[in-house]
Amino acid sequence: MPDIPTSNSSHLHRLPNQRWQIYAPQPQQAEQFAREIGLSPLLAQVLINRGIDTLTEVQGFVEPESLVLPQPMDEFPDLAVSVKLLREAIAKGNKIAICGDYDADGMTSTALLLRALRALGAKVDYAIPSRMREGYGINDRIVEEFHSEGVALILTVDNGIAALGPVKRARELGVQVIITDHHDLPLQLPPADAILNPKLIAESSPYRGLAGVGVAYVLAICLAQSLQQVGGLVNPLLELFTLGTIADLAPLTGVNRRWVKRGLRLLPHSQLAGIQALIQVAGVQHGSAETPLIPNFKLKGGHGGTAPTTQNSLKPEDIGFRLGPRINAVGRLADPQIVIELLTTDDRELALQRAMECEQINQRRQELCIEIEEEAIAWCEESSLNLQQERVLVVVRPGWHHGVIGIVASRLVERYGVPVFIGTFEGGHGGTAEGGHGGTAEGGHGGTAPTDAPSQIVRGSARGIPEFNVFDGLNFCADLLTKFGGHKAAGGFSMPAENLAKFRSQLAVFANQCLQPEHLKPLVSVDVQADLSEINLELYRQIDALEPCGIENKAPVFWTPNVCITEQKIVGKGNHLKLTASQTGKVSASLQGIAWRWGEYFPLPRLVDIAYRLRENSFNGKISVQLELLGVRLATGEADSRPLVSGKAEFDFSDRTYACSLSRSGDRTELRIRNSVGQVLAVSPGQTTGLLGNSRENAREVDLSKPFFYSLIQAAKNALGI
């Protein structure tokens, strides 16, 4: 039987491969802000890090309702024309058709305008292109179909800005077109009757960061105001705006911050049957449909393992990690009509039925993501990859579902710290790429094609790192692609499979032009240093002044040096690490924490620097603050720090649950395995026998070579990561 590693085993020193970027402290300015606004100097430093330089800006950030906003009509050049066209269509009884998109932004935008236009008396229907058969955006087929049905006005949402051909065709057929979109502008704009896109307005405008659903909301409210029929519309539409804005990873700045803050207060008591049902099945409120990985945790600006939320205002993470994925899963794997019906029906029974469908589809999405991620990692580990040389990870395998590979790409970026292009093979008859839309843009590229690859295409998703522009990388390889699109962080494309090898090498050339070896580590952006004694409920509650946190307004990340990890163990099926961190000094302090998917780093060294966000824990009526670890590194001067050897884990073996630990016994490290009735099996390194009993005094020797004990020990070692 292999020896159990001792405390100085090199395996036990393994830490996440990260680079830390810590903002330069501005103590004098932070102290001034703290005095003026009554916040902790730690959070005042966070505000400075977010580019807020004056007390006036601080006041506007903390209280966004105090800002005086310009009128949308003054900001969007074509907004008045758009309202006029819609009013005329409604007055004449002309048919209006919405062309949406299959991500959360596109589906909430479609639902928002359907609700608004129906309430305002319009004859309106919608269509969303097939993700698998047609790809992103309005196309000639949809235009022709709308025309044959007598549609007089087409209204695109979350797409259309690059649809030169389809818009030309609509105009040839005498159909009016209003484009509402938020994606980057092409060199030539389509010949639409009106275009609403925040990329067409000043960068300084508070409306600049609107997602597709934000543009739809502005249009709907302005139309209702012009018809003097606003009553009863604002709150339901604001809820849909909030859901789509957060799910699409739009920046929570400008009007987004103001309106999302309002919407988050509305959602727990939603007027919409569909949102009520979605909250119910997602376990965000009044009980949970999921079992939390760590019971009673509530996340502050993070993810995973959240407990049911019952507060009067939701947090962005409730949407970003609970509601949004259930909507996006439908667009990825099923028919978007499910979500449109969910968000437009007033029938509670139908809403619950559609919400349950979203739940089931999301469960399938989770299963597919796990399967594909495991296969991708296995392929990477088995392949002779040199990421320091290629500086980009290329993974293409057959049989993967295109709808979810973008999610897997993000996870591989977290794991390997390089840009990731992931794809799959599809038959040569289809396969357009998605690209350039919101925070969920798809993209990818590949590895090794099967023998029949020339008759196929590659279709996939890409995700980048801060120093790598995905869209520029795809553009660098444009001669090899049939279609591509995207933005700095994500993109999508398709290409003939025979171009795969050239594409891989050409992309590596681009990656070597813009990336240095030091960039090839996951980045942890850290706001401010804090002592553990400063981390308390008061500080946690002050973070509410910075909410809503999200894109371009990240939840505060603190770091503390020279922390002692006094307890740690593996928990949950997700292989998470739960620990206790302690710090001595003028004021000693000790806090519990969780590190998601860090089981492979167990046990951590005893003395480390940690980077973390804050969480709230409620247990037996007692509320406390806990840490969500984002980064860890050896404490300064502690490269030979001895790891803690009393780490713990639980595991299942032969339908029973056991606890195991590495513990010190004299001058040796001993593996101890405890069953549910308190018996302990103690195993010392190099020994063929172990001690089994309730105590050492009455323990008996057992033969560890017997199959049961040998397999039990292997299961315990796997649980401990050794």
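For every chain, the first residue of the written sequence is number 1, and numbering continues from 1 onward in sequence order. Note on the predicted model: pLDDT of at least 70 is required for a residue's local features to be given, and 80 or more for side-chain atom pairs to be given and counted; whole-chain, interface and lining totals, by contrast, use all residues. Side-chain metrics in this entry use all non-hydrogen atoms of the structure; hydrogen atoms and water are not considered.

Caption draft 1: Fine view of unusual backbone geometry. The peptide bond linking Glu-547 to Pro-548 adopts the cis configuration, its omega dihedral lying at 0 degrees. Backbone geometry places Leu-249, a non-glycine residue, at a positive phi of 60 degrees. Here a helix means four or more residues in a row that DSSP labels H or I, a strand means two or more in a row labelled E, and each is numbered from the N terminus. Within the fold, Leu-249 resides in the loop between α10 (234-247) and α11 (254-266). Look at Leu-249 and you get partly exposed, because its relative accessible area is 43%. In this structure, Glu-552 takes a positive phi of about 65 degrees despite not being glycine. Using a 1.4 Å probe on the protein chains alone, a residue whose accessible area is under 20% of its type maximum counts as buried, one over 50% counts as exposed, and one in between counts as partly exposed.

Caption draft 2: Molecular detail of the pattern of salt bridges. By definition, a salt bridge exists where a carboxyl oxygen of Asp or Glu is found within 4 Å of a side-chain nitrogen of Lys or Arg. Throughout the structure, instances matching the rule amount to 23 salt bridges. The closest approach of N and O atoms between Arg-141 and Glu-145, which form a salt bridge, is 2.9 Å. Residue Arg-141 and its partner Glu-145 are located together in helix α7 (residues 140-148), separated by four residues, close to a single helical turn. The class of Glu-145 is partly exposed, set by a relative accessible area of 36%. Here Glu-359 and Arg-326 are joined by a salt bridge, their closest N and O atoms 2.6 Å apart.

Caption draft 3: Just the sheet that holds strand β8 (residues 393-396), in detail. Pairing within the open sheet is mixed, and its five strands lie in the order β8-β9-β10-β12-β11. Lying at the two open borders of the sheet, with one neighbouring strand each, are β8 and β11 (483-486). Between one strand and the next, the sheet's axes are offset by a mean angle of 15 degrees, whatever the strand orientation. Direction of pairing for β8 relative to strand β9 (residues 420-427): parallel, over a ladder of four bridges. Paired with Val-396 across the two strands is Gly-423, which belongs to β9. Pairing between strands is defined by DSSP: at least two bridges between the two strands are required. Where helices are involved, their axes are fitted lines through C-alpha atoms of the stretch in contact, as for all axes, and angles between N-to-C directions lie from 0 to 180°.

Caption draft 4: A look at the nonpolar core. Formed by 84 residues in total, the largest nonpolar core has its most connected members in Leu-86, Ile-96, Ile-98, Leu-112, Leu-117, Leu-210 and Trp-259. Sorting elements by how many residues they give to this core places helix α9 (residues 212-226) first, with 11 residues. Residue contacts are defined here by distance: any two heavy atoms, one from each residue, within 4.5 Å place the two residues in contact. Not counting residues up to four positions away in its chain, the partners in contact with Leu-112 are Val-213, Ala-216, Tyr-217, Ala-220, Leu-237, Leu-240 and Phe-241. By size, the runner-up hydrophobic cluster in this structure holds 67 residues, among which are Phe-602, Val-632, Ile-673 and Leu-720. Joining through side-chain atoms within 4.5 Å is the link that ties buried Ala, Val, Leu, Ile, Met, Phe, Trp, Tyr and Cys residues into a set, and such a set is a nonpolar core.

Caption draft 5: Structural view of the confidence of the model for the protein. Every residue is assigned a pLDDT by the predictor, reflecting its confidence on a scale from 0 to 100. Looking at the protein, the pLDDT average stands at 84 and 86% of residues meet or exceed 70. Summarising per-element confidence for the protein, the mean pLDDT is lowest in strand β7 (residues 297-298) (30) and highest in helix α5 (residues 79-92) (98). Confidence drops under pLDDT 50 across residues 1-12; counting only partners more than four residues distant or on other chains, this segment forms 34 contacts.

Caption draft 6: Looking closely at helix α12 (residues 273-282). Counting buried residues along α12, eight of its 10 residues qualify, which places the element largely inside the surrounding structure. Looking only at α12, the buried set comprises Ala-273, Gly-274, Ile-275, Ala-277, Leu-278, Ile-279, Val-281 and Ala-282.

Caption draft 7: Looking closely at the side chain of Thr-242. Assignment of secondary structure puts Thr-242 in helix α10. Residue class for Thr-242 comes out buried when judged on its relative accessible area of 0%.

Caption draft 8: Up close: the packing of helix α6 (residues 104-119) against α10. Put simply, α6 and α10 touch, their axes get as near as 8 Å, and they point 170 degrees apart. Judged by the inter-axis angle, α6 sits roughly antiparallel to α10. Across the interface between the two elements, Ala-104, Asp-105, Thr-108, Ala-111, Leu-112, Arg-115 and Ala-116 from α6 touch Leu-237, Leu-240, Phe-241, Leu-243, Gly-244 and Ala-247 from α10. Taken together, the residues of the contact of α6 with α10 sort by class into nine nonpolar, two polar and two charged. Roughly parallel covers angles under 35 degrees, roughly antiparallel covers those over 145, roughly perpendicular covers 65 to 115, and oblique covers all other angles. In this classification, the charged set is Asp, Glu, Lys and Arg, the nonpolar set is Ala, Val, Leu, Ile, Met, Phe, Trp, Tyr, Cys and Pro, and all remaining amino acids, among them Gly, are polar.

Caption draft 9: View of the packing of α12 against helix α15 (residues 348-382). Running from N to C, α12 and α15 point in directions that differ by 45 degrees, and their axes come no closer than 8 Å. Our classification of the angle between α12 and α15 gives oblique. As α12 runs across α15, the sense of the crossing is right-handed. When α12 is examined against α15, the residues Ala-273, Gly-274, Gln-276, Ala-277, Leu-278, Gln-280, Val-281 and Ala-282 are found in contact with a partner set consisting of Arg-348, Ala-351, Leu-352, Ala-355, Met-356, Cys-358 and Glu-359. Note on convention: the crossing is left-handed when the near helix lies turned anticlockwise from the far helix by less than a right angle, right-handed when the turn is clockwise.

Caption draft 10: Molecular detail of the environment of Arg-700. Among the structural elements, Arg-700 can be located in strand β25 (residues 700-703). Given the relative accessible area of 52%, Arg-700 is considered exposed. When the C-alpha atoms of Arg-700 and Gly-690 are compared, they prove to be 8.1 Å apart, with 10 residues separating the residues in sequence. Excluding residues within four positions of it along the chain, Arg-700 makes contact with Gly-690, Leu-691 and Leu-692.

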